[in-house]
Amino acid sequence: MTHPHPRHHDISILPGRGDLMAELASRLEALDALLSRLEDAERQAADAGEHILRTRQWQEETVRTLQEERARMRQRQQALDDLAEHARAAVEALQSSHRTLPPEVHQLAIELQVLRNSGFLSRRTSRPR
């Protein structure tokens, strides 16, 4: 006599086998869920790794930009200090060789003093009169 049900159905009706098959199916589903979570975690880790790489590159570019800007600022400060030193020397030379000076020279001396007192000139090149 042939059974209308497939063979796996015959196994499930054996005593104790149905419970084992249900437990096995449940564990396979749990393993499948764990595998999916692991794959998601792996993708997230890869995304995080790429983000960290991009962040590190951005940081390196930012450091380079800041170093370049700092170098430019030092050059500008040196140029300003040099200009101020030459202007101070010129004012002192004019003061020592002339009895009266044009108002522009007096104004220049005042502006140099303001720059020095305001901290726009480096202390190492500023010499008080």
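Above: the structure in question.
Presented here is an overview of the structure given in this document. (Residues numbered from 1 in each chain as written. Predicted model: local features only at pLDDT ≥ 70, side-chain atom pairs only at ≥ 80, totals over all residues. Heavy atoms only, no water.)

Here's the deal with the pattern of salt bridges
Heads up, the rule is: By salt bridge we mean one thing: a side-chain nitrogen of Lys or Arg within 4 Å of a carboxyl oxygen of Asp or Glu. Throughout, exposure labels follow a simple rule: accessible area from a 1.4 Å probe, protein chains only, divided by the maximum for the residue type, with under 20% read as buried, over 50% as exposed, and the rest as partly exposed. Only DSSP runs of H or I covering at least 4 residues are called helices, and only runs of E covering at least 2 are called strands; the numbering of each starts at the N terminus.
What the rule picks out here adds up to seven salt bridges. The closest approach of N and O atoms between arginine 76 and glutamate 69, which form a salt bridge, is 3.6 Å. Arginine 76 sits in the partly exposed class, given a relative accessible area of 48%. Among the ionic pairs, arginine 88 bridges to glutamate 85, the shortest N-O distance being 2.2 Å. Highlighted residues: arginine 88 and glutamate 85, both in helix α2 (residues 17-97), separated by three residues, approximately one helical turn. The exposure class of arginine 88 is buried, given its relative accessible area of 4%.

Things to note about the side chain of serine 122
This is how it is decided: What qualifies as a polar contact is a pair of N or O atoms within 3.5 Å, subject to a donor-acceptor requirement within protein and to the restriction that residues adjacent in sequence count only when both atoms come from side chains. Note on definitions: a residue-residue contact is assigned when non-hydrogen atoms from the two residues lie within 4.5 Å.
Within the fold, serine 122 resides in the segment after α3 (103-118). Here the side chain of serine 122 touches aspartate 81 through a polar contact of 2.6 Å, side chain to side chain. Leaving out residues up to four positions away in the same chain, serine 122 has contacts with Gln77 and Asp81.

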